[in-house]
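Structural features, examined
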Amino acid sequence: MKIAFHGAARTVTGSKHLITLRNGKKILLDCGMFQGMGKETDSLNRDFGFDAAEVDYMLLSHAHIDHSGLIPRLVKQGYKGSIWCTSATKDMTEVLLMDSAEIQEDDVKFTNKRRAKEGLPYIEALYTVEDAKRALNRLKPVRYQEWFRVCDEVEAMFTDAGHIIGSAAVHLRINENGKPLQITFSGDIGRYGDDILRSPAPFPQSDYIIMESTYGSTLHADAVPSDDALIGHIHNTCLLKKGKLIIPAFSVGRTQELLYSLNRAQLNGKLPKVDIFVDSPLSMEATQVVKSHPECFNKTVSKLLETDSDPFDFPGLRYIRSVSESKQLNFRREPCVIISASGMAEAGRVKHHIANNINDPRNTILIVGYCEPQSLGGRLMRGAKEVSIFGTHYEVKADVEMVRSMSAHGDYEDLRQWLGCQDPREVRKLFLVHGEYEVQTIFRDWLLKKGFRDIEIPQRHYEVGVGNGG
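What comes next concerns the included structure. (Residues numbered from 1 in each chain as written. Predicted model: local features only at pLDDT ≥ 70, side-chain atom pairs only at ≥ 80, totals over all residues. Heavy atoms only, no water.)

With that settled, consider the sheet that holds strand E13 (residues 275-278). Pairing is parallel across the open sheet formed by six strands, whose spatial order is E14-E13-E15-E12-E16-E19. With one partner strand each, in any of the chains shown, strand E14 (317-319) and strand E19 (399-402) form the two edges of the open sheet. With direction set aside, neighbouring strand axes in the sheet form an average angle of 20 degrees. Looking at chain direction, strand E12 (residues 244-248) and strand E16 (residues 364-367) are connected through two bridges and run parallel. Paired with Ile246 across the bridge in E16 is Ile365. Most of the contacts of helix H6 (residues 226-240) go to E12, to which it runs at about 140 degrees, and overall it touches E12, strand E15 (336-340), E16 and E19. (Pairing = 2+ DSSP bridges. Helix = DSSP H or I, 4+ residues; strand = E, 2+ residues; numbered from the N terminus. Axes fitted to C-alpha atoms, helices over the stretch in contact; angles between N-to-C directions. Contact = heavy atoms within 4.5 Å.)

With that out of the way, let us pick up the pattern of salt bridges. In total, this model carries 27 salt bridges according to the counting rule given. Of the charged contacts in the structure, one is a salt bridge between Arg191 and Asp414, with a shortest N-O distance of 3.8 Å. Of this pair, Arg191 sits in the loop between strand E10 (179-185) and strand E11 (208-212) while Asp414 is found in helix H13 (residues 412-419), placing the two residues 223 residues apart along the sequence. Accessibility expressed as a relative area gives 8% for Asp414, which makes it buried. In the salt-bridge network here, residues are joined through shared partners; they are Lys76, Glu124, Asp131 and Arg134. (Salt bridge = Lys/Arg side-chain N within 4 Å of Asp/Glu carboxyl O. Buried < 20%, exposed > 50% of the residue type's maximum accessible area, 1.4 Å probe, protein only.)

With that settled, consider helix H14 (residues 437-449). Because the α-helix completes a turn every 3.6 residues, residues three or four places apart line up on one side. In a regular helix each residue adds 1.5 Å, so 13 residues correspond to 18 Å; H14 covers 19 Å between its end C-alpha atoms and thus fits that length. Within H14, the full set of buried residues consists of Val439, Gln440, Thr441, Phe443 and Leu447. Residues of H14 that are buried make contact with E11, H13, strand E20 (429-433) and strand E21 (455-456). Of the residues flanking the end of H14, it is Gly451, one or two places downstream, whose phi is positive at about 105 degrees. (Expected span 1.5 Å × (residues − 1).)

It is worth spelling out the packing of aromatic side chains at this point. Summed over the entire model, instances satisfying the criterion amount to 10 aromatic pairs. Relative to Phe148, the ring of Trp84 lies with its centre 5.8 Å away and its plane at 35 degrees, an arrangement referred to as tilted. Here the residue Trp84 occupies a position in strand E5 (residues 83-86), and Phe148 occupies one in strand E7 (residues 148-151), the gap between them amounting to 64 residues. Between Phe297 and Phe312 the ring centres are 6.2 Å apart and the planes differ by 55 degrees, which places this aromatic pair in the tilted class. Linking Phe297 in the loop between helix H8 (281-291) and helix H9 (299-304) with Phe312 in the loop between H9 and E14, this pair joins segments that are 15 residues apart in sequence. Each member of the pair Phe297 and Phe312 is classed as buried. Here a set of aromatic residues connected by ring pairs shows up, and it is made of Tyr57, Trp84, Phe148 and Phe158. Looking at Arg173, its charged tip hangs above the ring of Trp147, at a distance of 3.9 Å from the centre. Here the guanidinium or amino end of Lys351 rests over the ring plane of Phe390, the centre of that ring lying 5.1 Å away. (Phe/Tyr/Trp six-rings, centres within 6.5 Å; stacked < 30°, edge-to-face > 60°. Lys NZ or Arg CZ within 6 Å of the ring centre and 35° of its normal.)

Right, let's get into the pairing of strand E3 (residues 26-29). By the alternation rule, side chains of E3 split into Lys26 and Leu28 and Ile27 and Leu29, which are all buried. Across four bridges, the pairing between strand E2 (residues 16-20) and E3 is antiparallel. Residue His17 lies in a different strand from E3, and its bridge partner there is Leu29. Counting the residues in the hairpin turn of E2 and E3 gives five residues, including Gly24, whose phi is positive at 95 degrees. Note that E3 and strand E4 (residues 57-59) share three bridges and pair parallel. Among the inter-strand pairings, Leu28 is bridged to a residue of E4, identified as Met58. The parallel pair E3 and E4, bridged by helix H1 (residues 41-46), forms a crossover whose chirality is right-handed. (Right-handed = clockwise from strand over helix to strand, strands pointing away.)

What follows covers the sheet that holds strand E8 (residues 154-160). The strand order E7-E8-E9-E10-E11-E20-E21 describes an open sheet built from seven strands, whose pairing is mixed. The sheet is open, and its two borders are formed by E7 and E21, each paired with just one other strand. Where E10 meets E11, three bridges bridge the pair, whose relative direction is parallel. Pairing of Phe185 across the sheet is with Ile210, part of E11. Packing against the sheet, H13 makes contact with strand E9 (168-176), E10, E11 and E20, and its axis sits at approximately 160 degrees to E11.

The subject of this paragraph is the pairing of E13. In this sheet, E15 lies alongside E13 in parallel orientation, the contact comprising four bridges. Residue Ile276 lies in a different strand from E15, and its bridge partner there is Val337. Two strands pair when backbone bridges link them, and E13 and E14 are joined in this way by three bridges, in the parallel orientation. The residue of E14 that forms the bridge with Ile276 is Leu317.

Moving on: the state of the cysteines. Overall, the coordinates contain zero disulfides when judged by the stated rule. You can see Cys238 has no disulfide; the closest cysteine sulfur is in Cys336, sitting 6.6 Å from it. Cysteine Cys296 is unpaired, with the sulfur of Cys85 as its nearest cysteine sulfur at 12 Å. (Disulfide = S-S within 2.5 Å.)

Two numbers describe how helix H4 (residues 87-117) lies on helix H5 (residues 129-136): the axes approach to 8 Å, and their chain directions differ by 160 degrees. Classed by the angle they form, the pair H4 and H5 counts as roughly antiparallel. The two elements H4 and H5 meet at a crossing, and its hand is right-handed. On H5, the residues touching Thr93, Glu94, Leu97, Met98, Ala101, Glu102 and Glu105 of H4 are Val129, Ala132, Lys133 and Leu136. (Parallel < 35°, antiparallel > 145°, perpendicular 65-115°, else oblique. Left-handed = near helix turned anticlockwise from the far one by under 90°.)

The following block contains the structure:
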């Protein structure tokens, strides 16, 4: 059989890996959208590198758009099979893909207005709301830790990945010509001891492993715990500088982690009395999905639910629904905290908030997760003195701070622990995906020292033969 890597290859976005069996059947692992890749982004998302109509089966590791975002386009271009995922992933994917489809439609309308003025032909949206609805009908939920049949040659199982609600590692048990083998795809690996979710689960011995490596050279441990760091930034910006704390946060995972942390601080009497706004309708919907799946919570949160019916809510928290309400925050003079999507500050309402507040040294932009280097968040993290937002150049006068300990991706110790259930001598080959190449080479060297013998870092569209006689 063959494995081809059509996304998240030497980059951290656009996850897509295609397995072709010896009989020609094709199994797709994830169908993610490229994000934050600059001018290349649109062209990368328009070309899969394979024929969607030839794919027979698909399994989805989790709902994040860089793993699910091109599913409507896949269906639009001819995919007719089921899409297996966990129940929580199904619910979250429905929310995210409908939002993504609306963005695609709005973006193409804006672009085509400009192209019409320039005498250029119209372009087509990656997909529409109707395309998304048709795709969502194909989602098929299954339980963790239960093998199910994909086709005559293949069984699959999901194990908890601990990354976001419903996230899973995907395991394929493939039997070709009476010679069984197992392929494991990590999806995105979360952190052991996460505040909200269960830790990543052990899994059966695999012959081939496709593994994410986002933080393969990094330890997240901060000198200051994330709760204390977050409260410290609120105190410094809102109480001392009398400014606004702008926090770009992904709608799924990071926003809920922030709300849980702030709720915990409030319960402990540490949360300053300051208005806190979540300015993202998508974050509102995503938080409701998280609340509806308490079976994914760890024991600590399950215990807390006995005394606190909503661990994601607290006095002073307000959700912003309308665009007009969002714009009113720009005229607000009182100190406040604004949590808004997207996490890389590359799109959404947070981009407007940054544009309106970046020139004021009283304000702080707080980065709480990974940002693609070319994204606005990535440029701010690297210390840019000037940035372009919506075509206008802004001098960066606001403070830019980071709380790295809040990442939903495991660091190299978490990745090591995830692999701890495996005998390296039994793993025929390990493929590193979903990472920047420099980081991946460091992680590869570490894995070689730990006894893994054959490790590849595939480029996009690279295809390799694997298996018995592969």
